[in-house]
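Architecture at a glance
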Amino acid sequence: MRGPSRVPTFFRSLRALRTLNVIALGASLAAATAAVFMNLFGTPAFGLIAGLPTFLYGMAWGVLLRRRATVGKSRVRWGWVASIPLAMANGALAGGLALSMEGQGSFLARFLGGGVLGATFGAVFWIPGLLATLAVFGLPVARSQRLADQGLAGEERGERIVGLASFLLALVAVFFTAAFPPSRHRSDVFVELGPLFTYVLGAIGLATGGAAALAAHYRGNRRLRFVEEVEAGKRAGFRVDPTKEGKVLVRVTTQGEGYRVADVEEEVLALDEAGEALRELDGQRAREP
């Protein structure tokens, strides 16, 4: 009996790639926001005050953008609509953190008061921040969503675009922080943590965004070469069959012994005419020789 041929990892789910880009989007966006607010308010504490909420809500936005659900019968995805309440919640958390570090009295009262101010009067900051975010990530994300509708290979190319955009934004944030260090009006743990947290966010954005872009590029190229090798008969245990819809990559496993031997054929991947991946398949059929 011949054992099953191992399906390469680049045929499997894009879950790891999507996760990398969710982290990359949140981290790079947070690093840029922290760098700007530290310079705008002239204190390093805002690296933490602005960076932490943006990191959390940026990743939440990245997750929601990947949901295909749309508003009613329109083509507008809920992820885009959610950007407004997420930006407001971001402003509320940042306002709560900012006010809780100042003044006297109950921490909870200061935090809740700052949250209300951040969500309302803080719109003078979070609305421009939202517009800047849509300007930086709107086109790459929209492009990635259109590519994802074309199949697995298209989604990979889209994730590569988002990863590259995140990498570049994180790079700009790190250089901006280094070139324009904030002044120090006071010395405490939050002041010391602000710039450090900004650099950490930038490093995370660089690492995850770069890794996502490289991984997407590698997966696509490696899979195309694999399909070409299968069609040339250089890969045992696999076959490419033509269909009315395009091509199908089939894994063939021989099971049994003697007169009971049979080939189990598993449809692994739907391909277009050029050999690009469209979608994963999970179909099995047994064929006796």
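Bear in mind the structure is a predicted one, so any value in this text is a computation, not a measurement.

Rules and cut-offs
Residues numbered from 1 in each chain as written. Predicted model: local features only at pLDDT ≥ 70, side-chain atom pairs only at ≥ 80, totals over all residues. Heavy atoms only, no water. Phe/Tyr/Trp six-rings, centres within 6.5 Å; stacked < 30°, edge-to-face > 60°. Buried < 20%, exposed > 50% of the residue type's maximum accessible area, 1.4 Å probe, protein only. Helix = DSSP H or I, 4+ residues; strand = E, 2+ residues; numbered from the N terminus. Expected span 1.5 Å × (residues − 1). Salt bridge = Lys/Arg side-chain N within 4 Å of Asp/Glu carboxyl O. pLDDT = per-residue confidence, 0-100. Contact = heavy atoms within 4.5 Å. Core = buried A, V, L, I, M, F, W, Y, C linked by side-chain atoms within 4.5 Å. Arc of directions from axis to C-beta. Polar contact = N/O pair within 3.5 Å; in protein donor to acceptor, adjacent residues only side chain to side chain.

**Quick look at the packing of aromatic side chains**
A full pass over the atoms with the stated rule returns 7 aromatic pairs. With 4.3 Å between their ring centres and 10° between their planes, phenylalanine 41 and phenylalanine 46 make a pair best called stacked. Among the residues examined, phenylalanine 46 registers a relative accessible area of 17% and is labelled buried. Clustering of aromatic rings is evident, with ring pairs tying together Phe37, Phe41, Phe46 and Phe125.

**With respect to helix α1 (residues 15-41)**
Between the first and last C-alpha of α1 there are 39 Å, a value that for 27 residues agrees with the 39 Å anticipated at 1.5 Å per step. Looking one or two residues past α1, glycine 42 carries a phi angle of roughly 70°, positive in sign.

**Comments concerning the pattern of salt bridges**
Inspection of every chain in the model, using the stated rule, returns 3 salt bridges. The partner of glutamate 155 in a salt bridge is arginine 18, and the shortest N-O contact between them spans 2.7 Å. Placement of the pair is glutamate 155 in helix α7 (residues 152-179) and arginine 18 in helix α1, with a sequence separation of 137 residues. Of the residues examined, arginine 18 reaches a relative accessible area of 29% and is grouped as partly exposed. Notably, a salt bridge pairs glutamate 156 with arginine 219, separated by 2.7 Å at the nearest N-O pair. Here the residue glutamate 156 occupies a position in helix α7, and arginine 219 occupies one in helix α8 (residues 189-231), the gap between them amounting to 63 residues. Since its relative accessible area comes to 2%, glutamate 156 is described here as buried.

**Digging into the confidence of the model for the protein**
In this model, the protein carries a mean pLDDT of 81, and residues with pLDDT of at least 70 account for 84%. In this model, residues 1-5 is a region of pLDDT below 50 whose contacts with residues beyond four sequence positions or in other chains number 16 contacts. The model gives residues 285-289 a pLDDT under 50, and that stretch makes 15 contacts with residues more than four places away or in other chains.

**What to know about the nonpolar core**
By size, the foremost hydrophobic cluster in this structure holds 20 residues, and its most contacted members are Leu25, Phe55, Trp61, Phe137, Val141 and Leu201. Elements represented by at least two residues in this core include exactly α1, α2 (46-65), α6 (123-148), α7 and α8. At 6 residues, α1 tops the list of elements feeding residues into this core. For phenylalanine 137, the contacting residues outside a window of four places in its chain are Leu25, Ser28, Leu29, Trp61, Ala165, Ser166 and Leu169. Counting 15 residues, the second largest nonpolar core, distinct from the first, contains Ala212, Val230, Phe238 and Leu269.

**Observations concerning the environment of phenylalanine 238**
Structurally, phenylalanine 238 can be placed in strand β1 (residues 238-242). Classification of phenylalanine 238 by relative accessible area gives buried; the value is 10%. In sequence terms phenylalanine 238 and arginine 251 are 13 residues apart; their C-alpha atoms lie 4.5 Å from each other.

**Quick look at helix α5 (residues 107-119)**
The terminal C-alpha atoms of α5, which comprises 13 residues, lie 18 Å apart, in line with the 18 Å expected from a rise of 1.5 Å per residue. Those residues of α5 not exposed but buried are Arg110, Gly114, Gly115, Gly118 and Ala119. Down the axis of α5, the buried set is contained in an arc of 155°. They therefore lie on one face. Pointing more than 90 degrees away from the buried face of α5 are the exposed residues Leu112 and Val116. Looking at the buried positions of α5, the neighbouring elements they touch are α4 (83-100) and α6. For α5, the capping residue at the N-terminal end is serine 106, with a side-chain oxygen 3.3 Å from the backbone nitrogen of leucine 108.

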